[in-house]
Every structure is written in structure tokens, then in C-alpha cells.
Amino acid sequence: MKVLIVHYHPFELWQAPAWLVERLQKAFPQIQWVHLPNYDRVPQEIADTDVLIGWSIKPQQFQEAQKLKWIHSPAAGIHQLMFPELIKSKVVVTNSRTVQGVVVAEHAIAVVLALAKRIPQAVRYQSRKEWAQEKLWHEFPRPREVAGGTVVVIGMGAIGREFTTRAKALGMRVLAVRENPANGTSGAHAVYGPSQLDEVLPQADYVLLCTPVTPATTGIINRSRLAKMKSDAYLLNVGRGPLVDDDALQEALQARRIGGAALDVFVEEPLPPESPYWTLDNLLITPHTAAVTDKLWDRHYDLIVENLNRFLEGRPLLYEVDKQRGY
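Predicted, not measured: the structure shown is a model, and the values here were computed from it.

Caption draft 1: Representation of the overall build of the protein within the structure. Looking only at helices and strands, one finds 12 helices and 12 strands in the protein. Against the 2.2 N^0.38 benchmark of 20 Å for 327 residues, the protein shows a C-alpha radius of gyration of 21 Å, consistent with a compact globule. Contacts spanning at least 24 positions in sequence make up 62% of the contacts within the protein whose residues lie at least 6 apart. Element-wise, carbon and sulfur atoms account for 53% of the exposed surface of the protein, whose accessible area totals about 15600 Å². On the protein, the mean spot of the 36 positive side-chain charges and the mean spot of the 35 negative ones are 4 Å from each other.

Caption draft 2: Quick peek at the sheet that holds strand β7 (residues 173-177). Strands sit in the order β8-β7-β6-β9-β10-β11-β12 across an open sheet of seven strands; the sheet is parallel. At either margin of the open sheet sits one strand with a lone partner, and together these are β8 (190-192) and β12 (283-285). In this sheet, adjacent strand axes meet at a mean angle of 15 degrees when their direction is disregarded. As paired elements, strand β9 (residues 206-209) and strand β10 (residues 234-237) share four bridges and run parallel to each other. The residue bridging Y206 from the neighbouring strand is Y234, located in β10. Packed onto the sheet, helix α5 (residues 101-116) meets β9, β10, β11 (260-263) and β12 and runs at close to 155 degrees relative to β10.

Caption draft 3: Structural context of the pattern of salt bridges. Under the definition given, this model contains 20 salt bridges. Its salt-bridge partner being E306, residue R310 comes within 2.8 Å of it at the nearest N-O pair. Within this pair, R310 and its partner E306 are both found in helix α12 (residues 296-313), separated by four residues, close to a single helical turn. Its relative accessible area of 29% is what places E306 among the partly exposed residues. Of the charged contacts in the structure, one is a salt bridge between E313 and R315, with a shortest N-O distance of 2.7 Å. Here E313 falls in the exposed class, since its relative accessible area comes to 53%. By relative accessible area, which is 36% here, R315 ends up partly exposed. Through salt bridges with shared partners, a single network forms among K2, R41, E45 and D48.

Caption draft 4: Fine view of helix α11 (residues 246-254). Every buried residue of α11 is listed here: A248, L249, Q250, A252 and L253. On its buried face, α11 is in contact with α10 (223-227), β10, β11 and β12. Backbone nitrogen of D247 and a side-chain oxygen of the N-cap are separated by 3.2 Å at the start of α11; the cap is D245. At the C-terminal side of α11, R256 shows a positive phi close to 55 degrees.

Caption draft 5: Highlighting the sheet that holds strand β5 (residues 92-94). An order of β2-β1-β3-β4-β5 is seen for the five strands of this open sheet, with the pairing classed as parallel. Since the sheet does not close on itself, it has two edges, and those belong to β2 (32-36) and β5, each with one partner. The mean inter-strand angle of the sheet, taken between neighbouring strand axes irrespective of direction, is 15 degrees. Where strand β3 (residues 51-53) meets strand β4 (residues 70-72), three bridges bridge the pair, whose relative direction is parallel. Residue I53 lies in a different strand from β4, and its bridge partner there is H72. Contacts between helix α1 (residues 18-27) and the sheet are confined to β1 (2-6) and β2, with β2 contributing the most and set at about 175 degrees to the helix. α12 rests against β2, β3, β4 and β5 of the sheet, and its axis sits at about 170 degrees to β4.

Calculation rules
Residues numbered from 1 in each chain as written. Predicted model: local features only at pLDDT ≥ 70, side-chain atom pairs only at ≥ 80, totals over all residues. Heavy atoms only, no water. Helix = DSSP H or I, 4+ residues; strand = E, 2+ residues; numbered from the N terminus. Rg over C-alpha atoms; globule rule 2.2 N^0.38 Å. Contact = heavy atoms within 4.5 Å. Areas by Shrake-Rupley, 256 points an atom, 1.4 Å probe, with all protein chains shown as cover. Lys, Arg positive; Asp, Glu negative; His and termini not counted. Charge placed at Lys NZ, Arg CZ, Asp CG, Glu CD. Pairing = 2+ DSSP bridges. Axes fitted to C-alpha atoms, helices over the stretch in contact; angles between N-to-C directions. Salt bridge = Lys/Arg side-chain N within 4 Å of Asp/Glu carboxyl O. Buried < 20%, exposed > 50% of the residue type's maximum accessible area, 1.4 Å probe, protein only. Polar contact = N/O pair within 3.5 Å; in protein donor to acceptor, adjacent residues only side chain to side chain.

Written out as C-alpha cells, the structure is:
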């Protein structure tokens, strides 16, 4: 059996480290392991590959992968793999939906606290050596407590569930919006379906986006939805850039129709220097670092090992993607 690992990204942390392959070779000496530093040799290696560990493959390469049975994506988002040929095939796709759950949830909690306490604004005043106690108090929204606040969590996967646990510990009221409310609250105080989002948004002090990108969720936050939010509410996106209508959000922030926003993900990354987002003082930008942690690949290793054992034993794999739904 041959396993091909190709997981190149310009950002070092997103690349599969050399030690990962070394440990996997020791754990599974019966497997032929091929680790590519980039995509140049994929056409030569893919034909006899049984398992691909990576977050993308071109349709033409997929057609040439006659032995391929399983693709494991070290990312949670797999929309780039959802082309017709793969969807219709018998190739199983799994993702790493739980690997980033804890660390991204921690990031979201940190952002909620930073926005509530007006930390980004305080840092700006610090850079000018300005004692801005009076200004921070009179600016809108004012500094406030998170306890007693309401957060609407859109998407109750690993990130949403981990965030809910932590938000409740801070005394927050959590309202979950998920595709199938019958799956339960996952610890939230109440759960709603997508058709009820417009009813829930006016209750939110914070709106957290952590749902996958699908045709139904693309642009889920648009002008209409932003207009339903409170004037002092905050929008947080740790999911994917396409969940938000950028033009609509930029207009809402410029006109101060909502309290502010915090974005970790964007349609185009890196965010171009000419983006209007950079100039908004009521927007907190983090450069897709919500999932950054020194434990990332240790968690990936544990998941890959578990699923490889299952694959070799013919057992169901963890976190199999529903290819028809796209997540």
C-alpha cells in the first residue's frame, strides 16, 4: 500500500513536517510512504497511490489516480476537493475537523474579551502615548462585561462546541444555529435551524461564524443579516472568508451600523494591501492565526494514526465527509 503526503503551503506551520513522515514510517513500516515538498511530482506519484494525505488534488490528477481509495485532508474545510468527479466516486474523504477545535475556540474567546474590553483601541492609544480613559468610556460601544451577554454561534462542529463550553463558563448565553437542530444543542442554551437565523440575530451581542462553506452558507452574513444585528453587536469570523459579503460588512463598519468585527479569515489571503478592511478602526484583523499552535501536528499525527489503523482493519473512518453536502 502506498500513502502519498503532499501538503505544501507558503506558511511553514501548514506544511507537513519531516518528523511526521518519520514517525509514520516507524509506526507503519509495511506501508510505502512518499512525502513531496511541493506539487511538482504529483502527476508521477498519484497513479499508484492508495491514500492521499493533503488538502487538494486537481480533477485531472484525480482521474489518473486509479488505485485511490481515501483522501485525508489535514484541514477542516474541504470545499476545494468537492469537484464532480470526486463527489461521484467511491473515494472516501475525511477531514481534521476536531484538530483545530480547541485552539480556534480559544482564539474566539480571546477576541470576544478583547472586543468587550476595547483592547484594540487601548493599544492604538498606547502607541500614541495617550492616557485615554475618558475617551474609551465615551466611545461606542463602551467597555462592557461578557457575563450575561448573548452570543449566536453559527455552526456547531468542533469549534462551535468547544467555544460554547468556554463561553458558558464565562457566564454567556449561547444560541446555536445549525443545519439540523434535531442533532441537539451541543451544550448551547437553545438551538435553531438556518431558517430561524433572522429571528435570532437581533438577540446577539456577538455573532460567531464557524460553519463550513457550502452553497447554503456562502454569503450567509449579507446586508440584510447585518441590518438585523444590534448597533453595538460584534461579528466574528473564524470559519472561512466566503461566509461574509465583504462589501456589505465594509459598508456596515464604515457607517458604524454594528459595533465592530473581528476577522481571522478572508476570501483572498494574504489580505491585499488595498483592501478597505485595513483602514477600519472598528475591525480587528488577525492573519488566519486562530488555528496556530505548536501542538497542531501532534494532533494531526494522532488522528492519522487512528484512521490508518481503522483503514487497514476495514473499520469506519473518523470524520468522514458527506460529499453530497460538502462537509
